[in-house]
Amino acid sequence: MGELTAERLAQIIEAGHSHRREGDGSEPRFDEGQTVRTINHHPSGHTRLPRYAMGRTGTVVRNQGIFAFAHTNARGEGECPQYCYAVRFKGSELWGNAAHEQDAVILDLWESYLETP
Amino acid sequence: MSGHKHNEPESDIALRVKAMEQLLTEKGIVETNAIDLVADYFENKVGPRNGARVVARAWCDADYKARLLADASPAIAELGYSGLQGEDMVVLENTPQVHNVIVCTLCSCYPWPVLGLPPTWYKSPPYRARIVREPRAVLAEFGLEVADDVEVRVWDSSAEIRYMVLPMAPEESAGKSEEELVDLVSRDGMIGVAAH
């Protein structure tokens, strides 16, 4: 790998480095409004499914499109591009009775983190 | 030399940065000019003033606001702001019923082209841990009381989307020009820990 030059870096800053990818034509597994549950795994190493949101039930609010999957990409296991969804969790689903009933947390979650309850 | 005074030793972080910079350049990994370019970019080119211009435009121009909420990155690029960590933006509109606030609980993701680098507290474990768990208490510590009937939505930037909050225009915005409105928009308002 060559030296990172100012010219190259200026290009990266200006053009950005999007992880959005073209799909292979497959349909999204989940629709907006659908109830989903996050998987409950506790991997060592890189994950984009925070522990506080593992094994929780939420609602898909937005399909964000297809992105390289950071979980595998960070481990050198390939990009595995897939749909990513904004999923809304009620505060009480995450924090129990301590939560205000009008609180919600929204996370962007790749399809591999989601299943049908 | 008589009368010569030694300066205070440099801070640990300054020494660490110097050591890193020296290693990166001496080993031929990064050009010195590239480091200067990054420093210049974050010191002079990006910062919350950019985001404030986006907000002020949205307050003045309903068509622009509609484009911004529908597909934020191209709308933000209309004002000349784009690039790294702004590739896939979503803008969240505050309303009388909904207050939005952003965080990155896993690290410190932040929309650089519109807000620059995040403040230290945004990256701190207490903010990241508490804003998802007790957002109203944290917002109150910032001086923002949210009414009980208002929904608080905390957006945890856990993937590639970068978020920015579109605050509600305050009462004092009435009759002001777009340029004057820019001064009413704060960084904290676009993170969602202030009203605007």
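Higher on the page you've got the structure.
Here the structure is a predicted model, which is why all the values come from computation and not from measurement. (Residues numbered from 1 in each chain as written. Chains lettered and ligands numbered in written order. Predicted model: local features only at pLDDT ≥ 70, side-chain atom pairs only at ≥ 80, totals over all residues. Heavy atoms only, no water.)

**Digging into unusual backbone geometry**
Positioned with a positive phi, A:Cys80 is a non-glycine residue whose angle comes to about 40 degrees. In this structure, A:Cys80 sits in the loop between helix H2 (70-73) and strand E3 (82-90). Looking at A:Cys80, the relative accessible area reads 36%, which means it is partly exposed. One non-glycine residue, B:Gln85, adopts positive backbone phi at about 65 degrees. For B:Gln85, the position within the fold is in the loop between helix H5 (72-78) and strand E1 (89-93). Residue B:Gln85 is classed as partly exposed on the basis of its relative accessible area of 21%. (Helix = DSSP H or I, 4+ residues; strand = E, 2+ residues; numbered from the N terminus. Buried < 20%, exposed > 50% of the residue type's maximum accessible area, 1.4 Å probe, protein only.)

**What to know about the packing of helix H1 (residues 6-15) of chain A against helix H2 (residues 32-45) of chain B**
Where H1(A) meets H2(B), the axes come as close as 8 Å, and the angle between the chain directions of the two elements is 30 degrees. At the point where H1(A) passes H2(B), the crossing takes the right-handed sense. On H2(B), the residues touching A:Ala6, A:Leu9, A:Ala10 and A:Ile13 of H1(A) are B:Asn33, B:Ala34, B:Leu37, B:Val38 and B:Tyr41. The residue makeup of the contact of H1(A) with H2(B), split by class, is eight nonpolar, one polar and no charged. (Axes fitted to C-alpha atoms, helices over the stretch in contact; angles between N-to-C directions. Left-handed = near helix turned anticlockwise from the far one by under 90°. Contact = heavy atoms within 4.5 Å. Nonpolar A, V, L, I, M, F, W, Y, C, P; charged D, E, K, R; others polar.)

**Here we look at the nonpolar core**
Counting 78 residues, the largest nonpolar core has B:Val54, B:Leu68, B:Ile76, B:Tyr127 and B:Ile131 as the members making the most contacts within it. Aside from chain neighbours lying at most four places away, what touches B:Leu68 is B:Val54, B:Ala58, B:Ala75, B:Ile76 and B:Val91. Within the second largest apolar cluster, eight residues are counted, among which are A:Ile13, B:Val30, B:Ala34 and B:Tyr41. (Core = buried A, V, L, I, M, F, W, Y, C linked by side-chain atoms within 4.5 Å.)

**Quick word on the interface of chain A and chain B**
In this complex, chain A contributes 39 residues to the contact, which on the side of chain B involves 36 residues. Taken over both partners, the interface formed by chain A and chain B buries close to 3200 Å², and the fraction arising from carbon and sulfur atoms is 56%. Considering only the surface of chain A that becomes buried against chain B, A:Ile13, A:Gln102 and A:Ile106 emerge as the three largest contributors, covering 19% of it. The interface formed by chain A and chain B contains three salt bridges. The partner of A:Asp103 in a salt bridge is B:Arg136, with the nearest N and O atoms 2.8 Å apart. (Buried area = accessible area lost by both parts, 1.4 Å probe. Salt bridge = Lys/Arg side-chain N within 4 Å of Asp/Glu carboxyl O.)

**Focus on the environment of A:His71**
Residue and element names in this part refer to chain A. As for its position among the elements, His 71 is in helix H2. For His 71 and Glu 22, which are 49 residues apart along the polypeptide, the C-alpha to C-alpha distance reads 18 Å. Ignoring any residue separated from it by four or fewer positions in sequence, one finds His 71 in contact with His 41, Pro 43, His 46, Thr 47, Arg 48 and Tyr 113. At 2.7 Å, the side chain of His 71 forms a polar contact with the side chain of Tyr 113. (Polar contact = N/O pair within 3.5 Å; in protein donor to acceptor, adjacent residues only side chain to side chain.)

**Overview of helix H8 (residues 125-133) of chain B**
Along an α-helix, residues three or four positions apart point the same way, because every turn accommodates 3.6 residues. Three or more residues of H8(B) are buried, namely B:Tyr127, B:Arg128, B:Ile131 and B:Val132. All buried residues of H8(B) fall inside an arc of 110 degrees around its axis, so they share one side. (Arc of directions from axis to C-beta.)

**What about the pattern of salt bridges?**
All names here are of chain A. Going through the model one piece at a time under the given rule, you end up with 16 salt bridges over all chains. In this structure, Glu 115 engages Arg 37 in a salt bridge whose closest nitrogen and oxygen atoms are separated by 3.4 Å. On the criterion of sequence distance, the pair formed by Glu 115 in strand E5 (residues 114-115) and Arg 37 in strand E1 (residues 35-38) is long-range, its members being 78 residues apart. Using a relative accessible area of 30% as the deciding quantity, one classes Arg 37 as partly exposed.

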